[in-house]
Amino acid sequence: MTTAAALSAAEPSFPDPQSLPVHTALPDPLVLTDGQPVTTREAWSEKRAPELRALFQHYEYGAFPPPAKVMAKVLREDKAALGGKATLREITLSLSQPEGTEIHLLLVTPNDAKKPSPVFLGLNFNGNHALLPDPQIFVPPTWKSHKGQTLEQSRGSEFDTWAVDQTIARGYALATFWNSEVVPDDKDAAEAMLKKFRPSGSAERGPSDTATIAAWAWCLSRAVDYLVTDPTIDARRIAVVGHSRNGKTALVAAAFDDRIALAVPSQAGCGGTAPCRVSEELAKEGPNGRPTVETVRQINKSFPHWFCGNFKAFNDEPARLPFDQHELIALCAPRPVFLSCATEDVWANPSGQFEMLRAADPVYKLVAGDGLGATQMPEVSKPLPSRLGYYIRPGKHSMTRSDWAVWLDYADKWLRP
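Small disclaimer: the values here were computed from a predicted structure and weren't measured. (Residues numbered from 1 in each chain as written. Predicted model: local features only at pLDDT ≥ 70, side-chain atom pairs only at ≥ 80, totals over all residues. Heavy atoms only, no water.)

The next subject is the packing of aromatic side chains. Note on aromatic pairs: each is described by the distance of the centres and the angle between the planes. On inspection of all chains with the given rule, the structure shows 18 aromatic pairs. With a centroid separation of 5.7 Å and 80 degrees between ring planes, the pair formed by Phe14 and Tyr59 is classed as edge-to-face. On the criterion of sequence distance, the pair formed by Phe14 in the segment before helix H1 (41–61) and Tyr59 in helix H1 is long-range, its members being 45 residues apart. Ring centres 6.0 Å apart and planes at 40 degrees place the aromatic pair Trp162 and Trp404 in the tilted group. Placement of Trp162 in helix H4 (residues 159–162) and of Trp404 in helix H14 (residues 401–414) is noted, with a sequence separation of 242 residues between them. Judged by relative accessible area, Trp162 falls into the buried class, the value being 2%. Residue Trp404 is classed as buried on the basis of its relative accessible area of 0%. Connected via pairs of aromatic rings, a cluster forms that spans Phe56, Tyr61, Phe303, Trp306, Phe307, Phe311 and Phe323. (Phe/Tyr/Trp six-rings, centres within 6.5 Å; stacked < 30°, edge-to-face > 60°. Helix = DSSP H or I, 4+ residues; strand = E, 2+ residues; numbered from the N terminus. Buried < 20%, exposed > 50% of the residue type's maximum accessible area, 1.4 Å probe, protein only.)

With the rule as written, the count across this model stands at zero disulfides. Sulfur of Cys219: no disulfide; nearest cysteine sulfur belongs to Cys308 and is 18 Å away. With no disulfide of its own, Cys270 lies closest to Cys276 among cysteine sulfurs, the gap being 5.3 Å. (Disulfide = S-S within 2.5 Å.)

Before going further, it helps to spend a moment on helix H7 (residues 212–227). Helix length check: H7 (16 residues) gives 23 Å between terminal C-alpha atoms against 22 Å at 1.5 Å per residue, within 8%. Within H7, 15 of the 16 residues are buried, leaving the element largely enclosed by the surrounding structure. (Expected span 1.5 Å × (residues − 1).)

Moving on, we get to the packing of H1 against helix H8 (residues 245–256). Where H1 meets H8, the closest approach of the two axes is 11 Å, and the angle between their N-to-C directions is 150 degrees. In terms of their interaxial angle, H1 and H8 are classed as roughly antiparallel. Crossing of H1 against H8: the hand is left-handed. Side by side, H1 and H8 meet where Arg53, Phe56, Gln57 and Tyr61 of the first sit next to Val252, Ala255 and Phe256 of the second. Of the residues assigned to the contact of H1 with H8, the class counts are five nonpolar, one polar and one charged. (Axes fitted to C-alpha atoms, helices over the stretch in contact; angles between N-to-C directions. Parallel < 35°, antiparallel > 145°, perpendicular 65-115°, else oblique. Left-handed = near helix turned anticlockwise from the far one by under 90°. Contact = heavy atoms within 4.5 Å. Nonpolar A, V, L, I, M, F, W, Y, C, P; charged D, E, K, R; others polar.)

Our focus in this paragraph is the pairing of strand S2 (residues 86–95). Of all the 10 residues making up S2, nine are buried; the element is thus mostly covered by neighbouring parts of the structure. The sheet contact formed by S2 and strand S3 (residues 102–110) spans nine bridges and is antiparallel. What sits directly across from Glu90, in S3, is Leu106. (Pairing = 2+ DSSP bridges.)

Function cannot be read off these values alone, since they describe shape.
So this is what it looks like as structure tokens:
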């Protein structure tokens, strides 16, 4: 089994970013860096996939830490959650490293399940307590609202965003934790925590040291470590979900951990499901100082803690990257990946995301025998439920109950027992 933690054991040497050749076209996912073609499933899994994972770590996300031992303790159990339809458990996952690290996992499972349930696992933005109006849900002492709400105002404020009741009614469990609990989503506070992920403990983050999205994805894998042991969860049917930066993280986690059976990155955009290479027209900054779509330069400027130092070397020349995001999607093969977009979220580059699926399609055809099954974007509000799936709805950058209804339909198709 390939997991994220096992992939940085024998990191090869890499060229300096500035010495990499410029390739304006998307790199071919089925060609090794030495130019040899990849023509078999074995060559993909044994040669190309490990090579790509190493490249993504070195040049974009930073190194994945080694595995950590996970000790689980159930803090609270409520068998009458959601009006008696679900059991809610709050579980503390204590990690052996970084020292003192804890994840507070909220796990909600359907009470009428006759066998272990499939589960959606994802990071949340505002704390577990925002998902349900339950006054007893634990709030970490480091919590602070990003919406200007008081703690009490934030309780249950994202009930519709996460649609937990809908997920339970469809027979799925939900597992989630706050993304900032381990590594804060703040450029200064993040650096202080990321230091603990470096074996050297050096004060300054090196060019390929662990960055925030890699750390979050690594934490999702630690949650998977627990979920595969939980008797209420079907370990073969773990889906990972996330919106925006959490969508980037969900895709990274799936690409680096094959225990994850399905991925739903929602409006993940640059550094996730949209290409790093964009046209000059889309990358040109307008009167407001912003390009039409988010670019490598823009995302590194706004969120320097998300990606490793090497990624910043591609701000002006993303065409020097030896990969693009279609190859991150391809690393999930043969597992289903469903990209979810919105018409008004132009910043996340919905059409570019579809192009990433098209470019990953040859890998899926080689590994799984099928993939996208389309050459053009589907109509608005008409999901393309293929193994490489795509959905675009009217609306803005958000996660909604209607999204969840479509995602659950997709999971019904691909996470059959």
